[in-house]
Amino acid sequence: MGFARACSVALVGVEGVVVEVQADLEPGVAAFTLVGLPDKSLVESRDRVRAAVVNSGGEWPQKKLTVGLSPASVPKGGSGFDLAVACAVLGAAERVDPRQIADLVLIGELGLDGRVRPVRGVLPAVLAAAEAGYEHVVVPEQTAGEAALVPGISVLGVRSLRQLIAVLADEPVPDEEPVEPGRPDAMLAGLLVPGAGVGTGVAVDRPDSDGPDLADVAGQHAARTGLEVAAAGGHHLLLSGPPGAGKTMLAERLPAVLPPLTRRESLEVTAVHSVAGILPPGEPLVRTPPYCAPHHSATMQALVGGGNGLPKPGAVSLAHRGVLFLDEAPEFSGKALDALRQPLESGHVVVARSGGVVRLPARFLMVLAANPCPCGRHTLHGAGCECPSSVIRRYQARLSGPLLDRVDLRIQVEPVSRSDLLAHGGRGESTALVADRVQEARQRAAARLEGTPWTVNSEVPGHELRTRWTVAPGALGAAERDVERGLLTARGLDRVLRVAWTIADLAGHDRPEAQDVALALELRTGIARGVPAVAGAAR
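Structural notes, computed from the coordinates. A quick note: this is a predicted structure, and the numbers were derived from the prediction, not measured. (Residues numbered from 1 in each chain as written. Predicted model: local features only at pLDDT ≥ 70, side-chain atom pairs only at ≥ 80, totals over all residues. Heavy atoms only, no water.)

### Observations concerning the packing of helix α8 (residues 221-233) against helix α18 (residues 431-448)
At their nearest, the axes of α8 and α18 sit 8 Å apart, and the two run at 40° to each other. In terms of axis orientation, α8 runs oblique to α18. Here the hand of the crossing between α8 and α18 comes out right-handed. Of the residues in α18, those touching α8 at E228, A231 and A232 are V434, R437, V438, A441 and R442. (Axes fitted to C-alpha atoms, helices over the stretch in contact; angles between N-to-C directions. Helix = DSSP H or I, 4+ residues; strand = E, 2+ residues; numbered from the N terminus. Parallel < 35°, antiparallel > 145°, perpendicular 65-115°, else oblique. Left-handed = near helix turned anticlockwise from the far one by under 90°. Contact = heavy atoms within 4.5 Å.)

What follows is the structure in structure tokens.
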């Protein structure tokens, strides 16, 4: 009788559970039984592991073999358990020392020829192993850089089962034939899921690169101010205006205005993208805020997460720590838009399906773009809008009141004038200049919020803003009158206070003054307050 155990990781969303893979050999008719709540892809590992061991020069034990995955109550799926199953079987057959693999975490898929193929979700799996106290992991060579992002973990990247057996048995490690230069590497096929990245794109261009620049946007001074305030405080933004005014241009340039991700934020974003299968090979760490722009035909499951079995990350999770841009927002289904309310408030989304309940991170900056009516010409003088008033009201009502109440900034994007379009008024500020101001405002907010669980103004509860960090005396007079008239809700007043603090940080004020609150009200309600629509140092 032989027994050995190794470890692997089962992913539930972007969180991992360390699974002990146990192999038991007993005399009897040769058979291979896999237990422990495996799914179809994991059951198929029996044939993959047997062929990989034989083609790697090993001898398959002709005994009754039982492989158990503990804890048995956790659903397990995917091909990432192949390497752990193979090593547990070899340990039970005494081909390798069972003591060497007992506390070893192994993640990887096996080909029939014994090659170790990469799988998705290596980073969250290694993070789970590190949190559980494990110090040594074995992963496919292609994902070794991704696993090495976790501090305090010793990572071994292997290309084949033969190499791993040689390392564990203290034998000379055989060389594997490298991929010829210029030829595609078929081993990378498992990392990218076809279609998973449609509508998403990681913003890799910084302000000093050749990416989209804010200076390319003609005019739109009020919209540029709203964009700057949104980036500085993490406030959600609604851009309303006719087609061709530049709403999409502004949204596409927002990720470059946001500060680079911190180390912790980069690991969070990389973990989500790794599970979703949109992490580019060779670039294991996402350092810049992601940008996700789903089509307006996207379903609720595509936005918040879903799918067969355990839910997969949706657009709100792919935009974690970045920008979620919903172009033609009224064209989205009301059910899909209303599903955004909970992640907008909590910063995460909980998806319950028949396969289980998954908690996915979803702290993003939302940008909505909307036309004034179905034809888009309602606000243009002499443009010939023929939409009936009832159709216009019904179209604008698709963005529900509770959803809009969670949007801090509502900007009316006006048509571009001829002088602005022909650059007679000069080019606007570049992305680099705006990004520098945003970074300084973020630093002021971080210094003020040091020692608290919040990092940006949009996260601070209204109670704290009214009691702990107060505005200048008399600065809230206009906001209080709007509350009495019913123009602002209680949540709306809290959001005005948050925006006012962001404007004060951009202007270098110690606390919001009357003009900061007035500009925040104007950006919130769209009603002119007689203050310049400038939030930065130009004030």
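### Points about the pattern of salt bridges
Taken as a whole, this structure holds 27 salt bridges when the rule is applied. Among the salt bridges present, the one from R95 reaches E171, with a minimum N-O distance of 3.6 Å. Highlighted residues: R95 in the loop between α3 (82-92) and α4 (98-101) and E171 in the loop between α7 (161-168) and β10 (200-202), separated in sequence by 76 residues. The class of R95 is partly exposed, set by a relative accessible area of 35%. Exposure remark for E171: the relative accessible area of 35% places this residue in the partly exposed category. (Salt bridge = Lys/Arg side-chain N within 4 Å of Asp/Glu carboxyl O. Buried < 20%, exposed > 50% of the residue type's maximum accessible area, 1.4 Å probe, protein only.)

### Describing the packing of helix α21 (residues 490-507) against helix α22 (residues 514-525)
As a packed pair, α21 and α22 sit with axes 8 Å apart at the nearest point and diverge in direction by 125°. As far as their axial angle goes, α22 and α21 are oblique. Two packed elements cross with a definite hand, and for α21 against α22 that hand is right-handed. In contact with G492, R495, V496, V499, A500, I503 and A504 of α21, α22 contributes D516, V517, L519, A520, L521, L523 and R524. Residues belonging to the contact of α21 with α22 are distributed by class as follows: 10 nonpolar, one polar and three charged. (Nonpolar A, V, L, I, M, F, W, Y, C, P; charged D, E, K, R; others polar.)

### Here we look at the nonpolar core
Judged by nonpolar contacts, the single largest core of 53 residues is most densely connected at L237 and V367. Here this core gets eight residues from one element, more than from any other, and that element is α21. Beyond its immediate stretch of four places on either side in the chain, L237 contacts G226, L227, A230, M366, V367, L368, V407, L409 and I411. (Core = buried A, V, L, I, M, F, W, Y, C linked by side-chain atoms within 4.5 Å.)

### Quick notes on α18
The terminal C-alpha atoms of α18, which comprises 18 residues, lie 26 Å apart, in line with the 26 Å expected from a rise of 1.5 Å per residue. Within the sequence span of α18, burial applies to T431, V434, A435, R437, V438, A441, A445 and R448. The buried residues of α18 occupy one face: seen down the axis, they fall within an arc of 160°. (Expected span 1.5 Å × (residues − 1). Arc of directions from axis to C-beta.)

### Thoughts on unusual backbone geometry
In the segment running from S70 into P71, the intervening peptide bond is cis, with an omega of 5°. Structurally, P71 is set in the loop between β4 (64-70) and α3. Even without glycine at this site, E94 takes up a positive phi of about 65°. By relative accessible area, which is 69% here, E94 ends up exposed.

### Comments concerning the packing of aromatic side chains
Using the criterion set out here, one finds two aromatic pairs in the structure. When the ring of F32 is compared with that of W60, the centres are 5.7 Å apart and the planes differ by 40°; the resulting orientation is tilted. Taken together, the residues span a long stretch of sequence, with F32 in strand β3 (residues 31-35) and W60 in the loop between α2 (45-55) and β4 at a distance of 28 residues. A relative accessible area of 9% means that F32 is categorised as buried. When its relative accessible area of 11% is taken as the criterion, W60 is described as buried. Arranged with centres 6.4 Å apart and planes meeting at 25°, the rings of Y291 and F325 form a pair that is stacked. Highlighted residues: Y291 in strand β12 (residues 290-292) and F325 in strand β13 (residues 323-326), separated in sequence by 34 residues. With respect to class, Y291 is no different from F325; both count as buried. (Phe/Tyr/Trp six-rings, centres within 6.5 Å; stacked < 30°, edge-to-face > 60°.)

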